[in-house]
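Understanding the architecture of this molecule
These are the residues of each chain, in order.
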Amino acid sequence: MSCDHEKNAPQYGCFLVIPLKYDPDSLSREKLEQIAEYHPLTTMDLNENIKAMLDRSNEAAVGACFTVECEPLVAPLCGKAVSACSQSFRVSTGEDKYDFALHQSYLYIFQTQVAFLCLNLSFAHMEALQAICNPGSAHSTAVFFWTDETGKDHPFSVETWLGAFCGELGLQKFFDGESSFLLDAYAYTFAVVPERFNTLEEMQKITFNLHKMMPADAPIEDLSEEDIRYVYAVKHQVYNSYRWGCCVCSQTISYVIADQDFEAQRNAQAEDGLPVVLLSLYEKYTCLRFTELITNMDKEQLKQLKELKKLMLRFQAFGTVTPANLSRWHNVKQIYAYLLEVNDINTAIQDISTKVNILAEHQQENERARSETVINIITVFGIVSILASVLSIVQILSGGDLLIWASTILTTLVMALVTIVAFWGQRK
């Protein structure tokens, strides 16, 4: 009986998406090429024009995806004594200890000075992820260990490890201060089970449990959360059952998939599902990044203002994606639409539009003030020039004969007549 239970037990995985930021001058492209490999998107869940947004050969690309093997990722932590495929870890919350493994992970870097490190984790118990993230609290008492080839545990600090890895690339924790790298991490969780689902309620219960970072069969009910959305696969008419379902929330997205091959499904989730989530998070954190740049910049530096305005306008024009243009599949578009909705990204983009307008008005006021200064200087020189011309005319007339006086009077009358005619024509 226990063997059957273990055979049917879900296998769990998670992409822990950590938001980062960078300054263009400090990002080390050379180091990035050394430890990571560019990863072009091949998924058929996204339209070609959307995939082009993450194609670095495209001039209009907004970012690019890179794969980071396990060895360079944990080198700052374990040195060279690590497998190239995966690294075993353990997390302890006191009496409870849970094992988990780190695999080839992903690094998304966007042109708007934001980036995301997607740690690829797997574990046998969902409680491991709960211990890692400690949801609902800004502080964690969890202790982390990495395990060597002999099975010996070595304690380490997650903050020191991630800080060292990101620092080599010129990346920084997105929010300044003493908060943890994991505090604002977005959890993309998936569970793979062998049997298909007969009802939507089965998938809804499991994905909600995953959202709560609890086992799939745990008896959990919570009606207080209002930012929960569900999306399901189309019912297979031959099998009369469903293959997958997901639960979308502002801080997590949770999938349950019926499949026999966990590794194949992990790769499929990374290729098909992860880019959809990253596009929405990129828009969210770009708005936050722009707000930070506006707050910290020198408002008197016109060059900085122009560069930031250009970056913001380009993001608004080419960097945002509407659900209708994302995919040929309705459920993929629905997942993306829910991600935008629960994170209130459209409102954030509108707020950025307001900031762009304020920025433009401030810049125009500065330019107008400079123009008025130049005009005032020109006016002063013009008045001086007029006075000099009047003195010259007076000198000429004082020593002139009748012909000069007649020419001067006639010219003045003609100019006055032309001015009156022009004024009259303008009024008519």
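The rules behind the values
Residues numbered from 1 in each chain as written. Predicted model: local features only at pLDDT ≥ 70, side-chain atom pairs only at ≥ 80, totals over all residues. Heavy atoms only, no water. pLDDT = per-residue confidence, 0-100. Contact = heavy atoms within 4.5 Å. Helix = DSSP H or I, 4+ residues; strand = E, 2+ residues; numbered from the N terminus. Buried < 20%, exposed > 50% of the residue type's maximum accessible area, 1.4 Å probe, protein only. Pairing = 2+ DSSP bridges. Bend = angle between axes of the 7 residues up to and from the residue. Polar contact = N/O pair within 3.5 Å; in protein donor to acceptor, adjacent residues only side chain to side chain. Axes fitted to C-alpha atoms, helices over the stretch in contact; angles between N-to-C directions. Parallel < 35°, antiparallel > 145°, perpendicular 65-115°, else oblique. Left-handed = near helix turned anticlockwise from the far one by under 90°. Nonpolar A, V, L, I, M, F, W, Y, C, P; charged D, E, K, R; others polar. Salt bridge = Lys/Arg side-chain N within 4 Å of Asp/Glu carboxyl O. 1 Å grid on protein atoms, 1.4 Å probe; cavity = no way out; pocket = protein on both sides within 12 Å on 5 of 7 lines; lining within 4 Å. Points joined across faces, edges and corners; volume = space filled by probe spheres on them.

This part is about the confidence of the model for the protein chain. Any segment with low pLDDT has predicted coordinates that should not be analysed in fine detail. The predicted model of the protein chain has a mean per-residue pLDDT of 86, with 90% of residues at 70 or higher. Predicted confidence for residues 1–5 stays below pLDDT 50, and this span has zero contacts to residues more than four positions away or in other chains.

Across the chain, the bulk of peptide bonds are trans and the bulk of non-glycine residues have phi less than zero. Unlike most non-glycine residues, glutamine 113 shows phi in positive territory, near 70°. Looking at the element boundaries, glutamine 113 is found in the loop between strand S5 (97–110) and strand S6 (114–123). Residue classification places glutamine 113 among the buried residues on the basis of a relative accessible area of 11%.

Sheet topology note: the strand S7 (residues 143–147)/strand S8 (residues 153–156) ladder contains four bridges and is antiparallel. Paired with threonine 147 across the two strands is aspartate 153, which belongs to S8.

It is worth spelling out the environment of histidine 125 at this point. Note on placement: histidine 125 falls in the loop between S6 and helix H5 (127–133). In this structure histidine 125 comes out as partly exposed when scored by relative accessible area, which is 47%. Apart from residues no more than four positions distant in its own chain, histidine 125 is found in contact with Tyr12 and Tyr98.

Our next topic: helix H8 (residues 262–296). At leucine 274, H8 is deflected by roughly 40°, the largest bend along its length, and proline proline 275 occurs up to four residues later in sequence. For H8, the side-chain oxygen to backbone nitrogen distance between the N-cap and glutamate 263 is 3.2 Å, and the N-cap itself is aspartate 261.

Quick look at the packing of H8 against helix H11 (residues 330–342) now. One way to put it is that H8 packs onto H11 with a least axis distance of 10 Å and a crossing angle of 25°. When the axes of H8 and H11 are compared, the pair comes out roughly parallel. Judged by the twist between their axes, the crossing of H8 over H11 is right-handed. The residues of H11 that touch H8, namely those facing Val276, Val277, Leu279, Ser280 and Glu283, are Val332, Tyr336, Leu339 and Leu340. Here the contact of H8 with H11 is built from residues that sort into seven nonpolar, one polar and one charged.

Right, let's get into the pattern of salt bridges. The final tally for this structure, using the stated rule, is eleven salt bridges. Ionic pairing is found between arginine 56 and glutamate 33, a salt bridge with its closest N-O pair at 3.1 Å. One end of the pair, arginine 56, is in the loop between helix H3 (48–51) and strand S3 (63–68); the other, glutamate 33, is in helix H2 (residues 29–35), with 23 residues separating them in the sequence. Arginine 56 sits in the partly exposed class, given a relative accessible area of 44%. Two residues, arginine 266 and glutamate 263, come together in a salt bridge whose shortest N-O distance is 2.8 Å.

Moving on: the pairing of strand S12 (residues 244–248). With five of its five residues buried, S12 lies for the most part within the structure. Where burial is concerned, the two faces of S12 agree: the one with Trp244, Cys246 and Val248 and the one with Gly245 and Cys247 are both buried. Where strand S11 (residues 229–232) meets S12, four bridges bridge the pair, whose relative direction is antiparallel. Along S12, the bridge assignment pairs arginine 229 with valine 248. Where S12 meets strand S13 (residues 252–258), five bridges bridge the pair, whose relative direction is antiparallel. The residue of S13 that forms the bridge with cysteine 246 is tyrosine 255. What sits between S12 and S13 in their antiparallel hairpin is a turn of three residues.

Below, the discussion takes up the packing of helix H4 (residues 70–78) against helix H6 (residues 158–169). H6 packs onto H4 with a crossing angle of 125° between their chain directions and a minimal axis gap of 9 Å. Considered as vectors, H4 and H6 are oriented oblique to each other. By crossing handedness, the relation of H4 to H6 is classed as right-handed. Residues Pro72, Leu73, Val74, Pro76 and Leu77 of H4 pack against Trp161, Ala164 and Phe165 of H6. Residues belonging to the contact of H4 with H6 are distributed by class as follows: eight nonpolar, no polar and no charged.

Counting across every chain of the model gives two cavities of 30 Å³ or more. One number sums up the size of the largest cavity: a volume of about 110 Å³. Lining the largest cavity are Leu16, Phe89, Phe100, Leu102, Leu119, Leu121, Ile132, Phe144, Phe156, Val158, Trp161 and Leu182. At the level of elements, S5, S6 and H6 are the ones that each hand at least two residues to the lining of the largest cavity. Here the residues of the lining of the largest cavity are counted per class, giving twelve nonpolar, no polar and no charged. In this structure, the second largest cavity occupies an estimated 50 Å³ of space. Surrounding the second largest cavity, Pro19, Lys173, Phe174, Phe175, Ser179, Ser180, Phe181 and Asp184 form its lining. Its residues assigned to classes, the lining of the second largest cavity shows four nonpolar, two polar and two charged.

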